[in-house]
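Chain by chain, the residues:
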Amino acid sequence: MKKGMFRAEDLVRLEALALGTLRAFDRGEADLEETLRHVLVYSAPLVEERPYEDCAGSLALAKLEERYRVTLTDRPWKACGCDICKDAAIDVIIFRGSNRNKRRGIHNLAVYHEHIERLDLKRAVNRPDDLQRSLCAAER
């Protein structure tokens with residue numbers, strides 16, 4: 001971002017509005033279009049280094065909007081049963097530095113743990129009887 005082009009206070013205000021609208025969307029208090037608009041207005045200075053009004057039709061913002069629309073419509077944090085997604089709600093998908101990365105890491109470990117728990121490890125370690133019968137004496 002170009003130095004001096006945006007005031008810190010304005011960026012903080014845009015960020016707060018985007019985050020507030022995302023959380024309201026998650027609670028069913030904001031619609032998808034309103035949410036997308038606030039997120040894109042906040043994203044424009046970071047992506048295009050210009051205010052949203054000066055670059056609303058840019059290809060980069062259009063691609064972001066498409067990706068954001070899919071994610072917000074699918075609501076993957078609602079479909080996940082892990083405690084991280086239940087507790088953090090929409091915040092689990094928001095890129096917010098190390099806290100978000102730590103939550104995602106814990107989420108990934110929880111999902112991996114559930115996957116391992118579902119595996120039949122005893123069956124994976126022991127050969128089935130029919131396999132042992134098919135091996136020649138030298139292979140046993």
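Heads up: the structure comes first, above all this text.
### Some points on the overall build of the protein chain
Each helix and strand in the protein chain was counted, giving 9 helices and 0 strands. Secondary structure elements in the protein chain, listed N-terminal to C-terminal, are α-α-α-α-α-α-α-α-α. Counting the 140 residues in the protein chain, one finds 28% classified as buried. In the protein chain, of all internal contacts separated by at least 6 residues, the share reaching a separation of at least 24 is 45%. Approximately 10,000 Å² of the protein chain is accessible, and the part contributed by carbon and sulfur atoms is 53%.

### Concerning the pattern of salt bridges
The final tally for this structure, using the stated rule, is 8 salt bridges. A salt bridge links Asp-10 to Arg-7, with the shortest nitrogen-to-oxygen separation between them at 3.4 Å. Classification of Asp-10 by relative accessible area gives partly exposed; the value is 27%. Of the charged contacts, one joins Arg-27 and Glu-29 as a salt bridge, the two residues approaching to 3.0 Å between their closest N and O atoms. Owing to a relative accessible area of 55%, Glu-29 belongs among the exposed residues under this scheme.

### Regarding the nonpolar core
Counting residues in each nonpolar core, the largest one holds 19 residues, and the members touching the most others are Leu-22, Phe-25, Leu-72, Trp-77, Ile-90 and Val-92. Taken together, the elements giving at least two residues each to this core come down to α1 (8-26), α2 (32-47) and α6 (83-88). Take this core: its biggest share by element is 5 residues, from α1. Every residue in contact with Ile-90, bar those within four places of it in the chain, is listed here: Leu-22, Arg-23, Phe-25, Asp-26, Leu-72 and Trp-77. Leu-14, Tyr-52, Leu-61 and Leu-64 belong to the second-largest nonpolar core, a separate cluster that totals 8 residues.

Rules of the game
- Residues numbered from 1 in each chain as written.
- Predicted model: local features only at pLDDT ≥ 70, side-chain atom pairs only at ≥ 80, totals over all residues.
- Heavy atoms only, no water.
- Helix = DSSP H or I, 4+ residues; strand = E, 2+ residues; numbered from the N terminus.
- Buried < 20%, exposed > 50% of the residue type's maximum accessible area, 1.4 Å probe, protein only.
- Contact = heavy atoms within 4.5 Å.
- Areas by Shrake-Rupley, 256 points an atom, 1.4 Å probe, with all protein chains shown as cover.
- Salt bridge = Lys/Arg side-chain N within 4 Å of Asp/Glu carboxyl O.
- Core = buried A, V, L, I, M, F, W, Y, C linked by side-chain atoms within 4.5 Å.

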